[in-house]
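Here is how the chains run, residue by residue.
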Amino acid sequence: VKIAPYQVEKSLKSISGIEDVVVVGEGWERCAAIVVVSSALWNQLLNCQSHQRPEILTHFQRSLDTLPKYANPTAWVIRKLPFSHNPNLINHKGAPRREMIRLQYESSMRESIRSGIPSLILDADG
């Protein structure tokens, strides 16, 4: 079953504090989301206890309620820095390069995708 990444990205970008998002997963069982958040949301994530972080995912997933269940990402990477911080992750127009972003995070997201157990990875360095 397929869903266009832009549908998921558009829904997630509507959430306050989410500055950019790339959804990857072509050929995978489920998709994954790499999300750039505002410094305020980043600090909120850092300051909450690790057992509270799934609540953030629930908040993100609520914005996807109008999409099919299989469109909900299983693996989540939350980035502090914008994609433009790494010139390899954007094209000459400044748009995210989906394939390069997927390659950067694939190994850390694969186990979550395989197991079906949601995961949340915080990436301060981008």
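Residues numbered from 1 in each chain as written. Predicted model: local features only at pLDDT ≥ 70, side-chain atom pairs only at ≥ 80, totals over all residues. Heavy atoms only, no water.

**Q** Please set out the overall build of the protein residue by residue, giving values where relevant.
**A** The secondary structure content of the protein amounts to four helices and four strands. Beginning at the N terminus, the succession of helices and strands in the protein can be written as α-β-β-α-α-β-α-β. Relative to the globule expectation of 14 Å for 126 residues, the C-alpha radius of gyration of the protein, 14 Å, shows essentially globular dimensions. Principal-axis analysis of the C-alpha atoms gives the protein an extent of 35 × 35 × 25 Å. When burial is assessed residue by residue, the protein has 42% of its 126 residues classed as buried. Contacts in the protein between residues far apart in sequence, at least 24 positions, make up 63% of those at least 6 positions apart. Accessible area of the protein: about 7,200 Å², with a carbon and sulfur share of 49%. (Helix = DSSP H or I, 4+ residues; strand = E, 2+ residues; numbered from the N terminus. Rg over C-alpha atoms; globule rule 2.2 N^0.38 Å. Buried < 20%, exposed > 50% of the residue type's maximum accessible area, 1.4 Å probe, protein only. Contact = heavy atoms within 4.5 Å. Areas by Shrake-Rupley, 256 points an atom, 1.4 Å probe, with all protein chains shown as cover.)

**Q** For the side chain of Asn-72, give the residues involved together with the corresponding values.
**A** Along the chain, Asn-72 turns up in the loop between helix H3 (53-62) and strand E3 (75-79). Overall, Asn-72 belongs to the buried group, its relative accessible area being 7%. Non-local contacts of Asn-72, meaning those with residues more than four positions away in its chain, are made with Arg-30, Cys-31, Gln-61 and Leu-64.

**Q** Just give me the short version of the pattern of salt bridges, but keep the residues and values in it.
**A** Under the definition given, this model contains six salt bridges. For Glu-9, the salt bridge is made with Arg-98, and the minimal N-O distance between the two is 2.6 Å. Here the residue Glu-9 occupies a position in helix H1 (residues 5-13), and Arg-98 occupies one in helix H4 (residues 98-115), the gap between them amounting to 89 residues. Assessed through its relative accessible area of 8%, Glu-9 is described here as buried. Take Arg-98: its relative accessible area is 35%, and that puts it in the partly exposed class. Between Lys-13 and Asp-20 there is a salt bridge, with the nearest N and O atoms lying 3.7 Å from each other. Residue classification places Lys-13 among the partly exposed positions, given a relative accessible area of 42%. (Salt bridge = Lys/Arg side-chain N within 4 Å of Asp/Glu carboxyl O.)

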